[in-house]
Amino acid sequence: ELSGADFPLQETLDVLRAPCFRAPGLGQEQVTTLERIGRKQRVGGGREAWLNALNASCVEGSEVLAQALQRFMEAVSPPADAHTSGLWRWLRGLCGLDPQAGPDLYSLDMSSCIADGSAGIPLAAERAALDAFDSLLKRRAGRNDAGSGNDGGEKADVDAWLVDLREALARARTGGEGARPGAVPVVEASMATGLEARHVFIPGLSAGIFPGAGAADPLLLASERAALAERGVDPGPGDGGGDDALFLQLTGLARGSLMLSRPAEEQGRARQASHLWAAVRNLFPRQRVEKVRAAATVPPEDVASAQEVLVALQADKGSEGAVPLRAWLRRECSELLEQVEHSARVEAARLSWYEAHDRYSGLLADTQLIAWVAGELGPQRPWSASQLNELGACRYRFFASRLLGLEELWQPEPGLNALERGNFNHKILEAVYREVDRRQLTIEAKNLDEALAILVCESKVVFDKPREMLERDPDSLWPWEQRNLRARLEAFVRLDFSGESPVGKRLPGAGRRSLWQEYRFGYDDRPFTIPLSIEGWREALTLRGYIDRMDVANRRALVIDYKSGSTAIPAGHLAEGIEVQMLVYLRAAGRLLQGDAEVSLAGGAFLQLRSLKSSGAVSLDKGGEQGLQAAERRIADNIAAARRGDFRVEPRLPDKENGRCVRYCEFWQLCRVNETHSPGQEAAP
């Protein structure tokens, strides 16, 4: 089935990591490398996509890994030209169950995995199951040989053979062959006939479930059904005779006890019992009927496992039955009880409005770890605007992302993600405005047609080489993504070259030109620093990054930063130290323009490419400079706290709609911000 689905990412990794398989050349280390390459290259599935990703990778050993993966894909794909008996033999050899197979035959070596204990599963039971599977394969191969001669007859239909295999496995599982002691087989009602069991449980005895509601004959017209009804013939759904007979057979399977159950309600409405339930109740009127609420706690007297004991203790702390249960836990499962009690204390502290933050809510306690963090965040560290933003919005997120290096596992999805779409926007706009500047075009309506022609040309250059941007081959949605990107950028250019341009309104005057595009600062041998006072010590904070664009009109310059989304950035976030990108860009632009007497820096603004609006504008007047200085103090405080190991879960931007501190955060399930309180904190979002 893996080959039939064309080797999807997660399913392929799951099979290669299965404890009962040992694929040649694909050990755990190789599979980890394969996953890293597959997720980075965004391989959703497909043989060609897998091999292209490995061949394009710069990871050491990727060529050998590609060869091993290709052998695996070829080996687990049913041979299309085999006879039916040959397919059974192929599967037996692939599983490593054929002792006569030569050393060159590809094998997943299931037998050895279970025999040497590397699978980490019960040996006796799994050995018995594997022997039963081997017997099944030999019987089916021999049956086909006997029925069609040694040549196996005509070439097999692989799809039909897979259906036959599933049915054979299902019959083997329910036949009791190799069953484990104490195991509970769960089977469809129609597959259980002929079996025997000490205890039988039959659920779903409500109307419409068991027996099921029959469907009206689709071949009869309404008029024909009416005519049959007039003659005393019931044309409606078939009677429950088939299900009634099946129910009778199922009740005869039980050698010790029979338990029946039914759902009493559905979505808050009462559900009628089936006639089978009613018939049994009439036969045994004194039999007790127990009502159990869905997901209800098991009473202490009915618990059957340590987990149920723990739940029962939590629900009935003061009951008489709780005392012996706790004593049993301390005697039989002392480590489990200690772990649960410790976890309960941690959770209580998280939920308390009075307990201070501790090592379970973002405060580092280990002195060596704190010293390491202080070293990583020392004066030598080059900072980017995005790092400072993360540190200002949520120090825990900064710790998880920048210091621990945790990344969200990418799951296969079609099209471009937000980061890739943003990269294309930046790349194309850089090329467009660089060419506009090279042609010495002013950004005004009379040059719109030429600017649009430049957009078409430059976007084509970028779109023709998507691998340079994506580091992978684009998927089938790439043509649609191109049209969507070009349409949005065309709308942006049209607005920018009109009298309604957000940039033009903040930088009035004729002759506006784009002076910088993706201007680098702080790299190579030209370090850029700003002075900060961190815990009373004067320190030069090293910064680096790219200024998306800077426009000039009437000898005044405006720094522009593109945002691919539509969420506006409040101007107040700068002084609060939450959104400090514009501070970094303005300080860098001011330093770079120091020797230019022709141009003075007026301020900066963010441009939302989706909404075509500006936000977060900063003017370098007296009030704007005060906001920049306040942001610098916030940055100094955040860095000082981080060096002390203070990454407490204390969000600056609570988003009450989704229980997270920002609209999107990949770490919200780790910090659990909606369950972590602190003294003086407002109600948790």
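Here the structure is shown first, and the text comes after it.
Because the structure is a prediction, the values reported are computed rather than measured.

1. Description of the overall build of the protein
Then comes step 1: Each helix and strand counted, the protein has 26 helices and 12 strands in total.
Then comes step 2: Here the protein holds 685 residues, and 39% of them are scored as buried.
Then comes step 3: In the protein, once contacts between residues fewer than 6 apart in sequence are set aside, the share between residues at least 24 apart is 69%.
Then comes step 4: Accessible area for the protein stands at about 38,800 Å²; split by element, carbon and sulfur atoms hold 51% of it.

2. A closer look at the packing of aromatic side chains
Then comes step 1: A full pass over the atoms with the stated rule returns 15 aromatic pairs.
Then comes step 2: Note on Trp383 and Phe398: the rings are 5.8 Å apart at their centroids and 15° apart in plane angle, and the pair reads as stacked. Here Phe398 lies in helix α17 (residues 395-403) and Trp383 lies in strand β5 (residues 382-383), a separation of 15 residues in the sequence. As far as the burial class goes, Trp383 and Phe398 line up, both buried.
Then comes step 3: Judged by centre distance (5.6 Å) and plane angle (85°), the rings of Phe463 and Trp478 are edge-to-face. Of the two residues, Phe463 is situated in helix α19 (residues 448-463) and Trp478 in helix α21 (residues 478-496); the sequence distance between them amounts to 15 residues.
Then comes step 4: Residue classification places Phe463 among the buried residues on the basis of a relative accessible area of 3%.
Then comes step 5: For Trp478, a relative accessible area of 8% corresponds to the buried category.

3. Digging into the sheet that holds strand β8 (residues 537-543)
Then comes step 1: The strand order across the open sheet built from three strands is β5-β8-β7, with neighbouring strands paired in mixed fashion. The two strands at the open ends of the sheet, each matched to only one other strand, are β5 and β7 (528-534).
Then comes step 2: Pairing of β5 with β8 involves two bridges; the strand directions are parallel. Each bridged residue has a counterpart across the sheet, and for Trp383 the counterpart in β8 is Leu543.
Then comes step 3: Taken strand by strand, helix α25 (residues 622-643) contacts β5, β7 and β8, and its axis lies near 75° from that of β7.

4. Considerations on the side chain of Ser62
Then comes step 1: Within the element layout of this structure, Ser62 appears in helix α4 (residues 62-75).
Then comes step 2: Reaching out from Ser62, the side chain makes a polar contact with the backbone oxygen of Leu54 at a distance of 3.5 Å.

5. Section: unusual backbone geometry
Then comes step 1: The amide bond that connects Phe210 to the next residue, Pro211, takes the cis arrangement and shows omega of 5°.
Then comes step 2: Looking at the secondary structure, you find Pro211 in the loop between β1 (197-202) and α9 (222-230).
Then comes step 3: One non-glycine residue, Phe7, lies in positive phi territory at about 55°.
Then comes step 4: Looking at the element boundaries, Phe7 is found in the segment before α1 (9-17).
Then comes step 5: One non-glycine residue, Arg42, lies in the positive phi region at around 55°.

6. Focus: the sheet that holds strand β9 (residues 545-553)
Then comes step 1: Strand order across the open sheet formed by five strands is β6-β9-β10-β11-β12, with mixed pairing between neighbours. In this open sheet, the two edge strands, each paired with only one partner strand, are β6 (513-521) and β12 (613-619). On average, adjacent strands in this sheet sit at an angle of 30° to one another, irrespective of strand direction.
Then comes step 2: With eight bridges joining them, strand β10 (residues 556-563) and strand β11 (residues 600-608) adopt parallel strand pairing. Across the sheet, Tyr562 pairs through a bridge with Leu607, a residue of β11.
Then comes step 3: Packed on one face of the sheet, helix α18 (residues 418-438) meets β6, β9 and β10 and runs near 130° to β6.

7. A closer look at the pairing of β8
Look at any regular strand and the pattern is simple: side chains alternate between the two faces of the sheet.
Then comes step 1: Relative to β8, β7 runs antiparallel, the two sharing seven bridges. The residue bridging Phe528 from the neighbouring strand is Leu543, located in β8.
Then comes step 2: Here β7 hands over to β8 after two residues, with Glu535 in that stretch at a positive phi of 50°.

Rules used throughout
Each chain carries its own residue numbering, running from 1 in the written order of its sequence. For a predicted model such as this one, the threshold for reporting local features is a pLDDT of at least 70, and the threshold for listing and counting side-chain atom pairs is 80 or more; totals across whole chains, interfaces and linings nevertheless cover every residue. The side-chain values count all of the structure's non-hydrogen atoms but skip hydrogen atoms and water molecules. Helix and strand definitions here come from DSSP, where helices need a minimum of 4 consecutive H or I residues and strands a minimum of 2 consecutive E residues; each element is numbered from the N-terminal end. Note on classification: 1.4 Å probe, protein chains only; a residue is buried when its accessible area is under 20% of the maximum for its type, exposed when over 50%, partly exposed between these limits. The contact criterion used throughout is that any non-hydrogen atoms of two residues lie within 4.5 Å. Accessible surface area values rest on a Shrake-Rupley calculation with a 1.4 Å probe, where residue burial reflects the displayed protein chains alone. A pair of aromatic rings is counted whenever rings of Phe, Tyr or Trp (Trp by its six-membered ring) have centres within 6.5 Å, and the orientation is called stacked for planes under 30 degrees apart, edge-to-face for over 60 and tilted otherwise. Note on pairing: two strands pair once DSSP finds at least 2 bridges between them. Lines are fitted to the C-alpha atoms to define the axes, a helix being fitted only along its stretch in contact, and any angle between axes, read from their N-to-C directions, falls within 0 to 180 degrees. The term polar contact refers here to a pair of N or O atoms within 3.5 Å; inside protein, the definition further demands a hydrogen-donor-capable atom paired with an acceptor-capable atom, and it admits residues adjacent in sequence only when both atoms are side-chain atoms.

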